[in-house]
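# Secondary and tertiary structure notes
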Amino acid sequence: MIAPDARLKPHKDVIHTKLANGEVVLLHLGSESYFSLNETGSAIWTLLDGNATLEQIAGEIESRYEVSPEQALASVAELAEQLVAQKLATLEHPLS
Amino acid sequence: MGSIVVELTNRCNLSCQHCFSGRHGGSAVLPLDVLRKILDEARPLGFTKLGFTGGDPTLHPEFRTAIRMTAEAGYRYGVVTNGWTFPAIYTIFQEHRMELSGITFSLDGGSEGTHDSIRGTGSFRKVLRAFSICVVTDLPFTVNMVLNSRNVDEAERVARMSARLGAGAVRFGHLMPTPLAADMKLDLTPVQRREAERRIRELNAASPIPLVLAPGYHAADLFPCGPLRGDDVNVDCHGNLTKCCHLSGQEEGGGQEDVAGSLHEVSFAEAWRRLVEENARVREEKERRQREGLLLDSDYFPCWYCSLYYRKVDWLRGHPDHPWAGLMWEDAAPAAPFVPLSQLLRNAEPRI
Ligand SMILES: C[S@@+](CC[C@H](N)C(=O)[O-])C[C@H]1O[C@@H](n2cnc3c(N)ncnc32)[C@H](O)[C@@H]1O
Ligand code: SF4
Ligand code: SF4
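All of these numbers come straight from a predicted model, not from anything done at the bench. (Residues numbered from 1 in each chain as written. Chains lettered and ligands numbered in written order. Predicted model: local features only at pLDDT ≥ 70, side-chain atom pairs only at ≥ 80, totals over all residues. Heavy atoms only, no water.)

### Describing the sheet that holds strand β10 (residues 259-262) of chain B
Residue and element names in this part refer to chain B. If you walk across this open sheet you meet the 10 strands as β7-β6-β5-β4-β3-β2-β1-β8-β9-β10, and the pairing is mixed. Of all strands in the sheet, those with a lone pairing partner are β7 (211-213) and β10, marking the two edges. On average, each strand axis in the sheet is tilted by 25° relative to the strand beside it, whichever way the strands run. By the bridge criterion, two bridges tie strand β8 (residues 233-235) to strand β9 (residues 240-242) in an arrangement that is antiparallel. What sits directly across from valine 235, in β9, is leucine 241. In the packing of helix α11 (residues 268-291) onto the sheet, the strands contacted are β1 (3-9), β8, β9 and β10, and the crossing angle to β9 comes to about 30°. (Pairing = 2+ DSSP bridges. Helix = DSSP H or I, 4+ residues; strand = E, 2+ residues; numbered from the N terminus. Axes fitted to C-alpha atoms, helices over the stretch in contact; angles between N-to-C directions. Contact = heavy atoms within 4.5 Å.)

Below, the structure written as structure tokens:
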């Protein structure tokens, strides 16, 4: 499980594209595979800048989508796990 | 009947190393009233399809209107682009999806390094980003690769990657010689071209998507393409009806005989009639040359033959080390009795 204070940023081999409808599609250059994110996933992805913690991103999602803080953090953490497993995002070392 | 290639603009955001200088940093834009004229007048002659090219056609300031006009006039259409502007314009293809035959993206390497060395930093990622948009929005696309000395070994990678990323086909074309490409030593020799063609045919046999050679490959057929068969025509961004997009935009070349007339001045039908007449002369001349044994093996690369016939490569005389310089005809003026230099030398018996 990724810690709530973890910071993620897009993997350097990923090309991400935001469509006109807000949906995000990812292409990993190494595996040559596409991944499309749903609306919440897309919102989370655009917040992954290597600075914000998962907890902070969850706070943002909570306010946008009227979900409980627990639900928001669970969704963000779950997506983060998948993104890291597929090498779509990398963990930033905690800020010192 | 075939299609009309329309060069919407010679504006381009890139300066690819293999491209004609007339397409680097141009500023001409085809007025939409010329497009309207084409749409109105070409249909009765049997044309039903338009292919938009450039420069980058998407940089036409009224690109969306051009697509809308074409689709609403009942034509099918296709677009060839480097992909950079795709996120900003793709919705027009969704709006006119029924009439879209496909989008062609140029991919000139199977690796970021090779493609970007030819097309400029960031180009590889931009074109793959355009692929992803097509895949998720269900827009049909194919890939065009121009083979050159730097990328020819990556043809297989381009084919495999394109198939995996959802392209419907890959079209491999030969490089039309240009001074810049000559300086970059991008031209393949005739032997290398034949080897690349053989390899692509072999790859095609095992490929999940069609891998095709664009007209211009070595062929016994003297008239292997739409323009030479009299099916396809080209309209350049100045409004001239010309034979073929491969021949227009070569501002280094002196010849203008491929230009049939300006659509600012004559009707589409009149310019087309001139082109049909000109085509008959071209056919006659090429057949005569074959009958008389004047064709060199290199002349069976039809675009090379056209480049010589239309005097697009006279500048090559200043590049004696170029792999094709020795294959030029002594007199390449159209309608003149062409005799290749090597033929002249063979005929030159010493007189005692
Ligand atoms: C002139 S471009 C216009 C469309 C767009 N800008 C692009 O690059 O796709 C159309 C196609 O012509 C190819 N091309 C450019 N220079 C060429 C040359 N010297 N010989 C053969 N094809 C060439 C390009 O690679 C591209 O696939
Ligand atoms: S090949 Fe296309 S993108 Fe490249 S310079 Fe020529 S017109 Fe522009
Ligand atoms: S240059 Fe000549 S052979 Fe090549 S496609 Fe054009 S008309 Fe055909």
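### Observations concerning the pairing of strand β5 (residues 141-147) of chain B
All names here are of chain B. For β5, the buried fraction is high: six of the seven residues fall into the buried class. Bridge count for strand β4 (residues 100-106) against β5 is four bridges, and the pairing is parallel. Looking at the pairing, threonine 104 lines up with threonine 142 of β5. Note: β5 against strand β6 (residues 170-174), five bridges, orientation parallel. Considered in β6, the bridge of methionine 145 is made with phenylalanine 172. (Buried < 20%, exposed > 50% of the residue type's maximum accessible area, 1.4 Å probe, protein only.)

### Quick word on the site of ligand 3
Residue and element names in this part refer to chain B. What surrounds ligand 3 is the set Cys225, Pro227, Leu228, Cys244, His246, Leu247, Pro302, Cys303 and Cys306. Elements represented by at least two residues in the shell around ligand 3 include exactly α10 (226-229) and α12 (302-309). Counting residues per element, the shell around ligand 3 draws most heavily on α12, which supplies three residues. The class makeup of the residues in the shell around ligand 3 is eight nonpolar, one polar and no charged. (Near = heavy atom within 4 Å. Nonpolar A, V, L, I, M, F, W, Y, C, P; charged D, E, K, R; others polar.)

### Some remarks on the environment of aspartate 116 of chain B
All names here are of chain B. Its location among the elements puts aspartate 116 in helix α5 (residues 112-119). A relative accessible area of 13% means that aspartate 116 is categorised as buried. Spatially, the C-alpha atoms of aspartate 116 and cysteine 16 are 9.1 Å apart, while their sequence positions differ by 100 residues. Those residues in contact with aspartate 116 that lie beyond four places of it in its chain are Thr121, Gly122, Ser123 and Phe124.

Structural measurements only, silent on function.
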